[in-house]
Amino acid sequence: MSIPQIFIVIIVGIVAGIFNTLAGGGSLLSLPALIFVGLPSAMANGTNRVAILMNSVTAVAGFKQHGVADFKFSLALSVPATAGAIVGARLAIGIADTLFQKVLAVIMLLSVALIFWNPTRRFQGGQAVLNSRRRLLAMIAFFFVGIYGGFVQAAVGLLIIATLVLITGLDLVQTNSHKMFVVGVYTLAALATFALSGQVNWGIGLILALGNGIGGWIGSHWAVTKGEKWIRIALAVAVVAMAARLLGLFPSWP
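Calculation notes
- Per chain, residue numbering runs from 1 following the sequence as it is written.
- The predicted origin of the model limits local features to residues at a pLDDT of at least 70 and limits the giving and counting of side-chain atom pairs to 80 or more, whereas totals for whole chains, interfaces and linings rest on all residues.
- The side-chain figures draw on all heavy atoms in the structure; neither hydrogens nor water molecules are used.
- For this analysis, a ring pair means two rings from Phe, Tyr or Trp (six-membered ring only for Trp) whose centres lie within 6.5 Å, classed as stacked if their planes differ by under 30 degrees, edge-to-face if by over 60, and tilted for the remaining angles.
- Think of it in three bands: with a 1.4 Å probe and only protein chains considered, a residue is buried below 20% of the maximum accessible area for its type, exposed above 50%, and partly exposed in between.
- Definition used: whenever NZ (Lys) or CZ (Arg) falls within 6 Å of the ring centre and also within 35 degrees of the ring normal, the charge is taken to sit over that ring.
- Predictor confidence is given residue by residue as pLDDT, running from a minimum of 0 to a maximum of 100.
- Segments assigned H or I by DSSP are reported as helices when at least four residues long, segments assigned E as strands when at least two residues long, and all are numbered from the N terminus.
- Residue contacts are defined here by distance: any two heavy atoms, one from each residue, within 4.5 Å place the two residues in contact.
- What a helix should span is 1.5 Å times the count of its residues minus one.
- A fitted line through C-alpha atoms represents every axis, and for helices the fit uses only the stretch in contact; the resulting angles, taken between N-to-C directions, go from 0 to 180 degrees.
- Here roughly perpendicular refers to angles of 65 to 115 degrees, roughly parallel to angles under 35, roughly antiparallel to angles over 145, and oblique to all remaining angles.
- Definitions for this section: a left-handed crossing has its near helix turned counterclockwise from the far helix by less than a right angle. A right-handed crossing has that turn clockwise.
- Classification used: nonpolar for Ala, Val, Leu, Ile, Met, Phe, Trp, Tyr, Cys and Pro, charged for Asp, Glu, Lys and Arg, polar for all others including Gly.

### A short note on the packing of aromatic side chains
Then step 1. In this structure the tally under the stated criterion is 2 aromatic pairs.
Then step 2. Plain terms: the ring middles of F143 and F144 are 5.3 Å apart, the flat faces sit at 80° to each other, and that makes the pair edge-to-face.
Then step 3. On the basis of relative accessible area, F143 is assigned to the partly exposed category, the value being 28%.
Then step 4. Stacked on the ring of F73, the Lys or Arg R135 has its end atom at 4.9 Å from the ring centre.

### Some details on the confidence of the model for the chain
Then step 1. The predicted model of the chain has a mean per-residue pLDDT of 79, with 74% of residues at 70 or higher.
Then step 2. Model confidence for the chain, summarised as mean pLDDT per element, is weakest for helix α10 (residues 228–246) at 60 and strongest for helix α4 (residues 71–92) at 93.
Then step 3. This model gives residues 122–126 a pLDDT under 50, and the stretch forms 6 contacts once residues within four places in sequence are excluded.

### What to know about helix α3 (residues 41–65)
Then step 1. With 25 residues, α3 should reach 36 Å at 1.5 Å per residue; the first-to-last C-alpha distance of 36 Å fits that figure.
Then step 2. Along α3, 19 of the 25 residues are buried, which leaves the element largely enclosed by surrounding structure.
Then step 3. With its phi angle positive at about 75°, G67 sits one or two positions after the end of α3.

### Quick look at the packing of helix α1 (residues 3–22) against helix α2 (residues 27–36)
Then step 1. Interaxial distance between α1 and α2 falls to 8 Å at its minimum, and their mutual angle equals 160°. Classified by the angle their axes make, α1 and α2 are roughly antiparallel. By crossing handedness, the relation of α1 to α2 is classed as left-handed. Contact residues: α1 offers I8, V12, V15, A16, F19 and N20, while α2 offers S27, L29, S30, A33 and F36.
Then step 2. Residues that form the contact of α1 with α2 fall into these classes: 8 nonpolar, 3 polar and no charged.

If you want it as structure tokens, here you go:
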């Protein structure tokens, strides 16, 4: 890699790390960046997990520092998500680019619908009780979330936020804390699956991880200090960016 390419990867990593922590969609920046520096799509998908892991660790540490953590529930969600991620990663190895784009387009449309619907308004004025039934439903849902996350990762944060808010009624700051913990745990399994198939470039992955780690730390502090208003703004920006990219409004990466 040249010096300019290393610089691009680090900067993209920082921005992607902030988006991944605040809302999701950071991989929509990092995956094209990895392809830009010469990685095949499958290897870019696997290499991106190195950075996602670093992003998750620093973000969870940031939330913990601010007293926003419920590791018991996060771990309960991580178990089914990890099982699903292994399934998804196996499906992703050698998958055609056209299928990747179709899945991404569907998730984007669902995310746009959720933003306009604003499912969190049902909890305004009082937080829903996180009882055993809601916890079980969330764990079941997270198996399928894990399949998607293991398959592609891009925009999984939006899916996790929507799932947790709808089922548990947690506010967006708590939701983001659980999101980063779960993503970190299942990413270990997904990364191992890609690595065993030779689809990880560790050198480039560590460079991207450096940027993601910085972005994750910044994003976790913004999420707590700026509150839900800024997280909602980040959600809207991420969805608009996805829509614009899929519609070809952004220049294509070489």
